[in-house]
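# Chain and residue survey
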Amino acid sequence: MHAALIFHIFQKFGCWRGCGAVSGAMVAGLSLVLAMHPALAKPAERCTEPVFGAAGIFVDQRADTAEAARTIGVEAAAQNAFETVLGRVLLSPEERDRFVGLHGHDAFTDFVHIIEENNLEKRYIAKLDFCFDAERLRAAFIAEGIQWAELTSPPILVLPVWQGPDGVRAWLKDNQWLSGWRDTVNQYNGLVRLRSLAHSLTHERRFRGEDIVAADPIKLAAAARITKAEQVMVVLAHLDYVGAKQIVDVEARLFDKNGQPIATIMSLPDISLTASDMQPLDSARQRIIARMEGTWRAANSINTNAAGYLLVSVPVTSAKEWSERLDALQQIAVIRNFAMRTLDTKGATISLELAGSREALQNALVPHGLALVDAGDTVSIVRAPDTQ
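Another point: the confidence of the model for the protein. Per-residue confidence for the protein gives a mean pLDDT of 85; residues scoring 70 or more make up 88%. When pLDDT is averaged over each element of the protein, helix H9 (residues 217-227) comes out on top at 97 and helix H2 (residues 38-41) at the bottom at 32. Long-range and interchain partners of residues 1-44, a stretch whose pLDDT sits below 50, account for 99 contacts in this model, where long-range means more than four residues apart.

With that out of the way, let us pick up the pairing of strand E3 (residues 123-132). In terms of burial, E3 is largely enclosed, as seven of its ten residues are buried. Alignment of strand E1 (residues 53-62) against E3, held across eight bridges, turns out to be antiparallel. Bridged to Val59 within E3 is Ala126. As paired elements, strand E2 (residues 109-119) and E3 share nine bridges and run antiparallel to each other. Residue pairing in the sheet places Val112 in a bridge with Phe130 of E3.

Here we take up the packing of aromatic side chains. Evaluation of the coordinates by the stated rule reveals seven aromatic pairs. Between Phe82 and Phe99, the ring centres sit 6.4 Å apart and the planes meet at 50 degrees, which makes this aromatic pair tilted. Here Phe99 lies in helix H4 (residues 93-102) and Phe82 lies in helix H3 (residues 66-89), a separation of 17 residues in the sequence. Note on accessibility: Phe82 and Phe99 belong to one class, buried. Aromatic side chains Trp177 and Trp181 sit 5.9 Å apart centroid to centroid with 80 degrees between the ring planes, which places their arrangement in the edge-to-face category.

Here we take up the state of the cysteines. Counted by the stated rule, this structure contains one disulfide. Between Cys47 and Cys131 runs a disulfide, and the two sulfur atoms are separated by 2.1 Å. Where Cys47 bonds to Cys131 through sulfur, the torsion about that S-S bond is close to 70 degrees, and the disulfide is right-handed. One end of the pair, Cys47, is in the loop between H2 and E1; the other, Cys131, is in strand E3, and 84 residues separate them in sequence. Here Cys47 matches Cys131 in class, with each residue buried.

About the cut-offs
- Residues numbered from 1 in each chain as written.
- Predicted model: local features only at pLDDT ≥ 70, side-chain atom pairs only at ≥ 80, totals over all residues.
- Heavy atoms only, no water.
- pLDDT = per-residue confidence, 0-100.
- Helix = DSSP H or I, 4+ residues; strand = E, 2+ residues; numbered from the N terminus.
- Contact = heavy atoms within 4.5 Å.
- Buried < 20%, exposed > 50% of the residue type's maximum accessible area, 1.4 Å probe, protein only.
- Pairing = 2+ DSSP bridges.
- Phe/Tyr/Trp six-rings, centres within 6.5 Å; stacked < 30°, edge-to-face > 60°.
- Disulfide = S-S within 2.5 Å.

Written out as structure tokens, the structure reads:
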């Protein structure tokens, strides 16, 4: 995974089987905290784990009767939503297709939310949200030995640029490279969270194509602040001519929110174009996104067949802070289980059973304001420096 790519997850994955070493008073206190937790006190009205949901599925189905149209349309939408979720969390299309062939969506559907619908005589039109049960899906993945990923990335701002003989352009509306990226970003629903900079006259004047190509850190940092992005990806298509033949070189570079370079994600030289065929640009765009997804999925995958163990120190200064640490550990899916080895007023030593890499654990701690610190002789889970 690229050095600064970090990922965010919203889930509950119970792991209290190894907590018997805690004192009775602490267990009683934690039980009271859990019983009073809002998420456990009432059923969720929305998909509590958006990674396992598909929103805004559009239905426009015709049939001989209104009832048939509704039945067929909802079934097709549910299957579409199911495959969307599986495509998001499973590591390959082949794995998704195999799982779909073995399982129906009904076994995992939690609820369907109707955003809008219109029942006509022989037609059903609707927009639906689907939520699938994360625990049941995880159990199925574990039973079949399937690896998956759940962490969503921090917001990544995408800044596409087109450079040709007539200059550098970042805001042309009729340029397929630029408009294609904006459409893709707006519609993308993978685990990598992409954002775009809204087109306005102010932005057009402030963020010129020349500055973006030059990777001006002041400009990149300003764009990141506006969009509340943690990283910036500059995707440049450079057009040149060899005789009458159009040749494009594509490069995608990743920067942090301060405009400092992290890595070159991909370079695709010598792409041939014709005036009537811009498909190679779409292919380049999909390859870049696939690289982003594939790189961090591999680093953040959950593999319950390859468990590892890590002994960590968890220092705390209060009972409240201790409760927060336990709550955070419980919510991280890459932690299969944990057991407390020592416990005193200054904190605890905990053995973690991991179903992924140490890097995946470090990424999963970030949304909770925590960090994994390796001091050589001791590995600790502490509050992240910028949250202290």
